[in-house]
Amino acid sequence: MNSREITTQISKAADFLNLKKWDYGASFSNDYSVQVDKGEAKQLKASQKQILTIRVWNQSNLVGITTTSDISESGIKKALKQANIASDFGNKNESTEFSPLAKDPIKVKEVRKRNPVGIKKLLTVLREAEVKLLESHESIKSVPYNGLSESFFERVYANSEGAFRSYSKSQAALYLYARAEEKNKKPRSSGSVKLGYGADDIDIESCIKEASNKTISHLNYSSIKTDKYLICFSPESFLTIINAFSSMFNARSIIDGVSLSNKNSIGEKLSTEALNIYDDGLHEKNISSTPFDGEGTPTKRLCLINRGRIENFIHSESTARIFKTTPTGHAGLGSKVSVSPDWIVVEKSEENFDLKTSLDHSTYEGEFVYIEELNAIHAGVRASQGSFSLPFDGWLYKNGNKISIESATVAGDIKYLLKNIINIESSQELTTSGISPHIWVDELSITGDA
Amino acid sequence: MLSSQIKSNEIIFGSCNKDLLEEIIFYGIGLGADFVEIFIENTDNSSVLAEEDFITSVSPSFGRGAGIRIFKGQKDGFVSTNDLTKHGLMRSVSQAIEMLDITDNKREVFNGLNKHRDYSLSKKKWINEVPSIHEISEKLLVSTKSLKKNNKIITRKGSYSRNLQEVIIASSDGTYVSDIRLHQTVGLNVIASDAQYRSSGSRRFGSSGMPNEFRLWDHEKAANDVFESSMNMLYADYVDAGQMPVVLANKFGGVIFHEACGHLLETTQIERGTTPFENKLNEKIAHESVTAIDEGISEGSFGSLSVDDEGMEPEKSVLIEDGILKKFISDRAGELRTGHKRTGSGRRQNYSFAAASRMRNTYIAKGEHSKEDLINSISEGLYCKSMGGGSVGATGQFNFAVEEGYLIKNGKLTSPVKGATLIGEAKEVMPKISMCGNDLELAPGFCGSISGSVNVTVGQPHIKVDSITVGGR
């Protein structure tokens with residue numbers, strides 16, 4: 001069944017069950033991936049998946065939902081029936097409606113859908129990449145985590161008032177995570193991830209080079225004394241922190257009481273006036289961009305922090321109605337609709353304001369800790385309390401030298417961190433989760449050696 | 001006539017599918033596979049969320065799919081699909097064969113499937129015995145109401161989820177198994193707030209194969225635990241970072257062993273060369289007070305199974321005995337690639353993942369000390385009463401968050417502290433577990449790894465670690 005046929009099928013079955021109001025989201029995907037181990041194919045995978053989520057509104061306008069992978073005629077009927085039963089337990093205190101923007105035109109980027117290159121080519125490319133990475137330095141003994149994948153998928157949203165949207169795209173990913181070992185030293189590990197619209201678009205050489213350089217750069221390591229340090233966040237690590245605390249901008253989290261913000265936080269000063277943060281799912285560099293969200297609302301660029309102050313929250317249909325604004329294209333599709341950011345873009349404003357622009361990670365000769373990558377976010381972030389304590393990979397820069405930090409955590413409070421940003425470097429870097437420059441923070445606690 | 005044709009050409013749960021499964025396996029072997037495995041599932045799940053005094057989400061889901069795995073030498077090809085017709089399954093076999101680029105003429109022998117081992121016979125009634133959405137909703141609302149003990153509690157949540165999974169497993173070594181798995185889990189969460197102070201508390205409970213368990217769950221006790229935890233932590237100061245002795249509480253305190261050591265004893269880690277214990281079998285890797293077990297047989301425990309996802313009954317594996325490494329946790333691929341015998345630990349989240357060696361109910365065995373013995377033995381340290389999540393890195397370093405902690409001074413528990421993270425490496429910490437209490441208890445959890453998220457139990461008695469890095473402020 002294609003997406004139009006599914007819509008027709010749901011419509012017919014809904015009529016039969018006397019369900020006047022419904023919507024659905026569906027996704028169909030074909031994925032292929034390979035892993036290698038010292039030149040040999042290890043696991044080769046292919047999957048064909050289909051997921052359908054149907055919502056129905058009962059006569060009391062309460063919503064019920066069901067999700068299924070069975071997109072047959074009988075599966076669709078069963079899903080509608082189950083959703084109808086579930087609607088008896090619909091949330092009476094917070095109604096859900098169709099997005100008022102579900103029929104608005106969507107901005108579809110130039111379609112960059114690639115054809116599959118096939119498992120054999122994926123395997124050949126990954127084998128060669130593994131060999132090159134192993135040959136790049138004598139201490140790199142293995143590439144224990146590696147993979148090359150390509151995915152082809154279609155997403156659909158439709159509702160009983162005639163909204164219908166679909167788009168299809170392709171995406172490929174390469175990850176190489178190397179392990180280096182030297183005599184009488186602990187093994188060190190690091191890696192790189194690259195995305196592309198198709199396997200042929202991935203910059204394989206840069207992935208190899210980055211994985212190699214990062215791994216080797218950690219070979220000369222030392223413990224760090226527990227203390228407070230001047231910190232420079234890499235673009236990737238700063239984006240990780242912002243995403244981990246994105247509940248500050250999330251209307252759903254605010255309503256649920258699990259955000260540091262409240263309904264009146266628009267305009268609250270969080271940081272230096274030089275800081276701007278956007279959510280920009282349609283950014284031309286965002287390979288994972290989607291033109292509409294789970295409720296069919298078009299995706300758009302939204303300013304979250306303007307000159308250091310909260311400018312907007314991200315919304316679903318229901319949170320937007322509660323906040324008396326319009327949906328922003330950040331909704332999922334569920335019984336209780338989730339809200340989440342797409343792709344964060346961090347920028348320095350045109351003026352420098354109070355920034356200490358002499359702080360540049362490539363030239364600064366004073367002592368500071370460079371945080372390359374934050375780990376274990378699920379364990380070390382308490383978003384509702386604003387605190388974090390996270391292990392990281394990074395270096396201690398001192399007297400013009402840098403040494404990899406053996407094992408340490410950085411701890412702090414997100415509001416303190418944002419308030420104590422003392423420089424935003426000028427050049428932005430592209431990562432898999434967004435774009436950001438390097439960000440300097442005055443002092444944070446690092447735990448290493450006692 | 002038409003009806004029987006349809007039946008013979010697709011997998012029907014509750015019917016005999018032997019002929020079709022054999023035909024598909026014969027097809028794979030005929031094309032040159034060394035080994036063919038078919039895993040088919042049919043799921044019926046539901047979840048309910050209560051917030052404050054209202055049900056805010058009811059989410060049923062159902063689905064079906066197949067995962068087909070082909071081995072040739074040590075390579076394997078895995079294809080998953082929602083298409084359970086003969087045509088769909090044959091196509092998946094062809095795809096896996098094609099991916100593996102099998103060209104040799106060597107053919108393995110397939111003698112047909114063995115006698116059907118049906119573990120589902122006594123379990124078919126479960127779906128009618130589990131609580132209804134109405135019953136679940138009522139109990140969750142009573143539970144969230146019980147959390148409202150003062151006006152500092154600003155957020156109250158209760159969540160329930162039920163997963164019913166019917167599986168058929170067939171493979172070219174003759175394995176032919178059916179089973180039904182039932183997992184229920186319920187959790188309570190609160191956020192407390194007073195001026196600038198904030199804290200949270202949470203507890204999760206879970207069971208496998210016990211349809212009546214949610215009805216028996218003591219929601220009042222759970223609500224009291226969560227409330228007290230959040231109140232104790234509301235005005236807590238941040239812990240000072242440093243190296244110190246710690247006592248880890250029983251139950252979910254076992255997450256330290258799960259993350260720090262358990263994962264490194266899975267054969268997938270040997271395959272990758274990422275465990276420091278690879279060549280340490282029968283060597284001392286932990287303090288002699290430590291005996292650690294992984295098993296899938298404790299009745300009702302969240303990680304228990306009648307049969308693993310490769311059709312093998314789970315065994316009780318003594319991983320470490322008196323500090324000596326005795327066994328690794330192994331699946332079919334692990335046995336093939338590392339030589340360690342399977343332990344009934346081949347597990348996967350669902351049909352779209354190939355099985356891998358995964359923990360089940362994993363715990364440190366009880367010792368002889370009381371909890372007080374452990375605390376009394378420390379002049380300055382940390383008591384970790386409740387643990388948050390954790391993770392282990394590619395080179396064996398682990399970390400996990402302490403949700404509820406107290407300073408120990410002169411052998412006594414003193415003030416509550418927040419923001420602590422325990423950091424270390426398994427091979428350095430295991431020899432430092434110097435005392436084990438006599439109060440072993442288990443706790444349910446979810447473990448995410450190579451084959452997806454699976455239900456597990458962690459556990460331990462109270463244990464003392466002589467020295468560990470505590471991350472703080």
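Procedures and definitions
- Residues numbered from 1 in each chain as written.
- Chains lettered and ligands numbered in written order.
- Predicted model: local features only at pLDDT ≥ 70, side-chain atom pairs only at ≥ 80, totals over all residues.
- Heavy atoms only, no water.
- Helix = DSSP H or I, 4+ residues; strand = E, 2+ residues; numbered from the N terminus.
- Rg over C-alpha atoms; globule rule 2.2 N^0.38 Å.
- Buried < 20%, exposed > 50% of the residue type's maximum accessible area, 1.4 Å probe, protein only.
- Areas by Shrake-Rupley, 256 points an atom, 1.4 Å probe, with all protein chains shown as cover.
- Lys, Arg positive; Asp, Glu negative; His and termini not counted.
- Charge placed at Lys NZ, Arg CZ, Asp CG, Glu CD.
- Domains from an automatic or database assignment.
- Buried area = accessible area lost by both parts, 1.4 Å probe.
- Salt bridge = Lys/Arg side-chain N within 4 Å of Asp/Glu carboxyl O.
- Polar contact = N/O pair within 3.5 Å; in protein donor to acceptor, adjacent residues only side chain to side chain.
- Nonpolar A, V, L, I, M, F, W, Y, C, P; charged D, E, K, R; others polar.
- Contact = heavy atoms within 4.5 Å.
- Pairing = 2+ DSSP bridges.
- Expected span 1.5 Å × (residues − 1).

Engineer: Whenever I open this one, the overall build of chain A confuses me. Can you help?
Structural biologist: Counting its regular elements, chain A contains nine helices and 19 strands. Relative to the globule expectation of 22 Å for 450 residues, the C-alpha radius of gyration of chain A, 24 Å, shows essentially globular dimensions. Referenced to the eigenvectors of the C-alpha coordinate spread, the extents of chain A come out at roughly 75 × 55 × 40 Å. For chain A, the residues scored as buried account for 58% of the 450 residues in total. Counting only carbon and sulfur atoms, one obtains 45% of the accessible surface of chain A, whose full area is about 18200 Å². Here chain A carries 55 positive and 57 negative side-chain charges, and the mean point of each set is 4 Å from the other.

Engineer: In this structure, what is going on with the domain arrangement of chain A? I would like to understand it.
Structural biologist: Accessible area lost during the coming together of the parts is what is often quoted as the interface size. Residue and element names in this part refer to chain A. When the domains of chain A are assigned, the result is domain 1 (3–216), domain 2 (221–241 + 354–447) and domain 3 (250–348). Computed from C-alpha coordinates alone, the two centres of domain 1 and domain 2 are separated by 31 Å. Buried area between domain 1 and domain 2, summed over both chains or domains, comes out near 750 Å², and the portion from carbon and sulfur atoms is 39%. Contact with domain 2 buries surface across domain 1, with K186, R188 and K214 losing the most and accounting together for 61% of the total. For the pair domain 1 and domain 2, the number of links is one salt bridge. Across the pair K186 and E406 runs a salt bridge, and its minimum N-O distance is 2.6 Å. Where domain 1 meets domain 2, there are five residue pairs in polar contact (both at pLDDT 80 or more). Considering each element in turn, the side of domain 1 that touches domain 2 owes the most residues, four residues, to strand β6 (residues 188–196). In the side of domain 1 that touches domain 2, the residues fall into three nonpolar, one polar and four charged.

Engineer: Explanation requested: the interface of chain B and chain A in the structure shown.
Structural biologist: Contacts between the two partners involve 70 residues from chain B and, on the opposite side, 63 residues from chain A. Interface of chain B and chain A: buried area, both sides summed, is about 5400 Å²; carbon and sulfur atoms make up 50% of it. Interface area lost by chain B to chain A is led by F62, M99 and R272 of chain B, which between them contribute 14%. The interface formed by chain B and chain A contains six salt bridges.

Engineer: What exactly am I supposed to notice about the pairing of strand β3 (residues 63–68) of chain A here?
Structural biologist: Taken across its six residues, β3 of chain A has five buried, putting it largely inside the fold. Of the pairings in the sheet, the one linking strand β2 (residues 40–57) of chain A to β3 of chain A comprises six bridges and is antiparallel in character. In the strand pairing of β3 of chain A, V56 of chain A is matched with G64 of chain A. Taken together, β2 of chain A and the strand that follows it, β3 of chain A, pair antiparallel across an intervening segment of five residues, in which N61 of chain A is found at a positive phi of about 65°. In terms of strand pairing, β3 of chain A meets strand β2 (residues 54–72) of chain B through two bridges, oriented parallel.

Engineer: Help me understand the pairing of strand β23 (residues 463–471) of chain B, please; the structure alone is not making it clear to me.
Structural biologist: Consecutive residues of a regular strand have side chains that alternate between opposite faces of the sheet. Residues and elements named next belong to chain B. Extensive coverage of β23 is indicated by the burial of seven of its nine residues. When strand β9 (residues 242–248) meets β23, the two strands line up antiparallel, connected through six bridges. Paired with G242 across the bridge in β23 is V470. Here strand β19 (residues 421–425) pairs with β23 via three bridges, running antiparallel. The residue bridging T421 from the neighbouring strand is G471, located in β23. When strand β20 (residues 433–436) meets β23, the two strands line up antiparallel, connected through three bridges.

Engineer: Is there a simple way to think about helix α3 (residues 119–135) of chain A in this case?
Structural biologist: In an α-helix, one full turn covers 3.6 residues, which means residues spaced three or four apart are oriented alike. The first and last C-alpha atoms of α3 of chain A sit 24 Å apart over 17 residues, in line with the 24 Å expected at 1.5 Å per residue. As for α3 of chain A, its buried residues are in contact with β1 (21–37), β2, β4 (140–159), β5 (164–180) and α4 (204–217) of chain A together with α3 (86–100) of chain B.

Engineer: What is the right way to read the sheet that holds strand β10 (residues 292–295) of chain B from this model?
Structural biologist: Strand pairs in the sheet, formed through backbone hydrogen bonds, run parallel or antiparallel to each other. All names here are of chain B. The mixed open sheet is built from six strands, whose spatial order is β12-β11-β10-β15-β22-β21. This sheet does not close on itself; its edge strands, each paired only once, are β12 (324–325) and β21 (441–449). Note: β10 against strand β11 (residues 317–321), three bridges, orientation antiparallel. Paired with D294 across the strands is S317, a residue of β11.

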